[in-house]
Amino acid sequence: DQMFKRLGSSEGISSLMDQFFNIGTTDVRIKEFLLKDKERIKAGMTVYIVEMLGGPKAYKGKELAEIHKTLGVNDYHFDAFLADFGRALLGAGHQDVLIDEVMVS
């Protein structure tokens, strides 16, 4: 809950996801996954991330393992996601301590 608040609550995380998508959709390692149905994927990811970081419990989608298996997402792609998400956090001006907490959550 505190992490959620320190990231700016739902509004801050939504803005963070905008930044992530600006980065991720240009990353050759993962853009194919993000561009398939960008707005739907972005909306689902935002709700999931909000919940994962201590916000309201609203995610009603499938289990991530099931989604990722169907798409062929592997560790390489997940590492690329984490790198891009870390860049988005840094670009949003968050302090290193908070970025580290988010990245291990």
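All of these numbers come straight from a predicted model, not from anything done at the bench.

Let's talk about the overall build of the chain
(1) Moving on: Within the chain, the secondary structure is distributed over seven helices and zero strands.
(2) Moving on: Order of helices (α) and strands (β) in the chain, N terminus to C terminus: α-α-α-α-α-α-α.
(3) Moving on: Taken over the C-alpha trace, the chain has a radius of gyration of 13 Å; the compact-globule value for 105 residues is 13 Å, and the two agree within 12%.
(4) Moving on: Viewed in the frame of its principal axes, the chain has a C-alpha envelope of about 35 × 25 × 25 Å.
(5) Moving on: For the chain, the proportion of its 105 residues judged to be buried stands at 33%.
(6) Moving on: When the accessible surface of the chain is summed, it comes to about 6500 Å², and 54% of that surface belongs to carbon and sulfur atoms.
(7) Moving on: When the 13 basic and 16 acidic side-chain charges of the chain are each reduced to a single mean position, those positions are 4 Å apart.

Regarding the confidence of the model for the chain
(1) Moving on: Mean pLDDT for the chain: 93, with 99% of residues reaching 70 or above.
(2) Moving on: The secondary structure element of the chain with the lowest average pLDDT is helix α5 (residues 64–71), at 82, and the one with the highest is helix α2 (residues 9–24), at 97.

Each value, and the rule that gives it
- Residues numbered from 1 in each chain as written.
- Predicted model: local features only at pLDDT ≥ 70, side-chain atom pairs only at ≥ 80, totals over all residues.
- Heavy atoms only, no water.
- Helix = DSSP H or I, 4+ residues; strand = E, 2+ residues; numbered from the N terminus.
- Rg over C-alpha atoms; globule rule 2.2 N^0.38 Å.
- Buried < 20%, exposed > 50% of the residue type's maximum accessible area, 1.4 Å probe, protein only.
- Areas by Shrake-Rupley, 256 points an atom, 1.4 Å probe, with all protein chains shown as cover.
- Lys, Arg positive; Asp, Glu negative; His and termini not counted.
- Charge placed at Lys NZ, Arg CZ, Asp CG, Glu CD.
- pLDDT = per-residue confidence, 0-100.

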